[in-house]
Amino acid sequence: MARIVGGLTSSHIPAIGNAIANKKFDDPYWKPFFDGYPPVRDWLAEVKPDIAVIIYNDHGLNFFLDKQPTFAIGAAPEYHNQDEGWGIPTIAPFKGAPEFSWHLINSLVHDDFDMVTCQEMAVDHGFTMPMQLFWPDYAQANIKTVPLVVNTVQHPLPSPKRCYRMGQALGKAIESYPEDLKVVVVGTGGLSHQLDGERAGFINKEFDQICMAKIVDDPEYFLDMSIHDMVRLAGAQGAEFIMWLTMRGALTGNVKQLYSNYHLPISNTAAGMLCLKNGA
Amino acid sequence: MINEAPIEGTVMFDGVQAMKGYALNKMCYSFNKKENRDSFLADEEAYMSAYGLNEQQKQAIRDKVVLNLLAAGGNIYYLAKFAGIFGLNVQDVGAQQTGMTVEEFKEKLLRAGD
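The paragraphs below set out a description of the structure included in this document.

Okay, the overall build of chain A next. When helices and strands are tallied, chain A shows 9 helices and 11 strands. Against the globule reference of 19 Å for 280 residues, chain A gives a C-alpha radius of gyration of 17 Å, in line with a compact fold. Within chain A, buried positions represent 56% of all 280 residues. Here the contacts in chain A between residues at least 6 apart in sequence split such that 83% fall between residues at least 24 apart.

Let us now look at the pairing of strand β3 (residues 71-74) of chain A. Residue and element names in this part refer to chain A. Where burial is concerned, the two faces of β3 agree: the one with Phe71 and Ile73 and the one with Ala72 and Gly74 are both buried. The pairing of β3 with strand β8 (residues 144-150) spans 3 bridges and is antiparallel. Bridge assignment links Ala72 to a residue of β8, and that residue is Val149. Judged from the 3 bridges that link them, β3 and strand β6 (residues 116-118) form a sheet pairing that is parallel. Bridge pairing in β6 places Gly74 opposite Cys118.

Along helix α2 (residues 22-30) of chain B, the residues classified as buried are B:Leu24, B:Asn25, B:Met27, B:Cys28, B:Tyr29 and B:Ser30. On its buried face, α2(B) is in contact with α3 (34-42), α4 (44-50), α5 (55-63) and α7 (76-85) of chain B.

With that settled, the discussion passes to the sheet that holds strand β4 (residues 78-81) of chain A. All names here are of chain A. Across the sheet, 3 strands lie side by side as β5-β4-β7; this open sheet has mixed pairing. Each having just a single partner strand, β5 (94-95) and β7 (122-123) make up the two edges of the open sheet. By the bridge criterion, 2 bridges tie β4 to β7 in an arrangement that is parallel. In the sheet register, His80 faces β7, and the bridge partner there is Ala122.

Moving on, we get to the packing of helix α4 (residues 98-110) of chain A against helix α6 (residues 160-175) of chain A. Residues and elements named next belong to chain A. Axis separation between α4 and α6 bottoms out at 9 Å; the angle between their running directions is 130°. In terms of their interaxial angle, α4 and α6 are classed as oblique. In the crossing of α4 with α6, the sense of the turn from one axis to the other is right-handed. Residues His103, Leu104, Ser107 and Leu108 of α4 form the contact with α6, whose own contacting residues are Ala169, Leu170, Lys172, Ala173 and Ile174. Looking at side-chain class alone, the contact of α4 with α6 contains 6 nonpolar, 2 polar and 1 charged residues.

Attention now goes to the interface of chain B and chain A. With 41 residues of chain B at the contact, the number on the chain A side is 33 residues. Secondary structure elements with two or more residues in the side of chain B that touches chain A: α2, α3, α7, α8 (90-98) and α9 (102-111) of chain B. The residue inventory of the side of chain B that touches chain A, partitioned by class, reads 20 nonpolar, 12 polar and 9 charged.

Residues and elements named next belong to chain B. At a minimum axis distance of 8 Å, the contact between α2 and α7 shows a crossing angle of 50°. With respect to each other, α2 and α7 are oriented oblique. Between α2 and α7 lies a crossing whose hand is left-handed. Residues Asn25, Cys28 and Tyr29 of α2 form the contact with α7, whose own contacting residues are Tyr78, Leu79, Lys81 and Phe82. Looking at the contact of α2 with α7 residue by residue, the class counts come to 5 nonpolar, 1 polar and 1 charged.

Rules used throughout
- Residues numbered from 1 in each chain as written.
- Chains lettered and ligands numbered in written order.
- Predicted model: local features only at pLDDT ≥ 70, side-chain atom pairs only at ≥ 80, totals over all residues.
- Helix = DSSP H or I, 4+ residues; strand = E, 2+ residues; numbered from the N terminus.
- Rg over C-alpha atoms; globule rule 2.2 N^0.38 Å.
- Buried ≥ 20, exposed ≤ 12 C-beta atoms within 10 Å, placed from the backbone.
- Contact = placed C-beta atoms within 7 Å.
- Pairing = 2+ DSSP bridges.
- Axes fitted to C-alpha atoms, helices over the stretch in contact; angles between N-to-C directions.
- Parallel < 35°, antiparallel > 145°, perpendicular 65-115°, else oblique.
- Left-handed = near helix turned anticlockwise from the far one by under 90°.
- Nonpolar A, V, L, I, M, F, W, Y, C, P; charged D, E, K, R; others polar.

Next comes the structure, spelled out in structure tokens:
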């Protein structure tokens, strides 16, 4: 049976794409951010997961407001990155795992999470930044991917509780796959930031630190919060934390934090990273 | 206790905004493609008319004032593609909305770590 070996979180700020392209790993602005990732890459090289489920939000590349799904999942053999309009380099495609995706879809819909299914799906920086950070040589690495999109673009957004519950159903779906595969679940986005309005530039370090700690040991702390609460505490785009909660819901075992990194600012955002081991 | 009180300086992009801004956001979505960005730059007025922008939206685009674009129903993820045409990043956009210089805005972000 498939097994969830761990959960990862990472911010997915687009500026990271240019910093990677320009190799700014030792630049004083970027170093404290990039330095969080090598220990996780080493852990991934040791554990060798077969599949990564990447939970992110589309930023107007694959979906437009004509059809805006609350939850969507990829079931394609390959996922292509495309021009998003503002200059981050387009990178090589990612391998998919369509049979595994269809197993997840069948199980999730059976458990009342009615996913939009996508046999073609362009993946934007929300997906590509974490992939490049955790698997810099993803094109060579033997890692397949499943993109899982959560709407954070147009209100109403799904509640923290709904996302956590979907994560639980996702965990159950993954662990009922009959093949002996190792799976890692990645929650992206966050932490606190706001891009729009007079409140642009809002960051809440205190709340971020609650998020970094509680997501590990007490994720249910967030379940009675509304999206409005998340926006007030974490900023308009800080509500992306619901995707970390989705990831956390999938971890059913004994969760142990292996690595963490928190650094601000990267662009307009407080960047958070976690590597959680999902033990027996 | 449910607290849905308005959050200062924040417009929730909901159904009301989505209806108001549909044409504007659809035009900005088209800017994912380079040929569309080039067509816009070649004739901004014709491009805006082809997407059916109203006068408020057209004027906000001409002025490149982000708060006015938001008031006209713009969604920040789509507006970012418009800003990108002019090489403006989210810090430039943040500075403009808060009435700061870009340096002041970056300093504000740095101070959030204190």
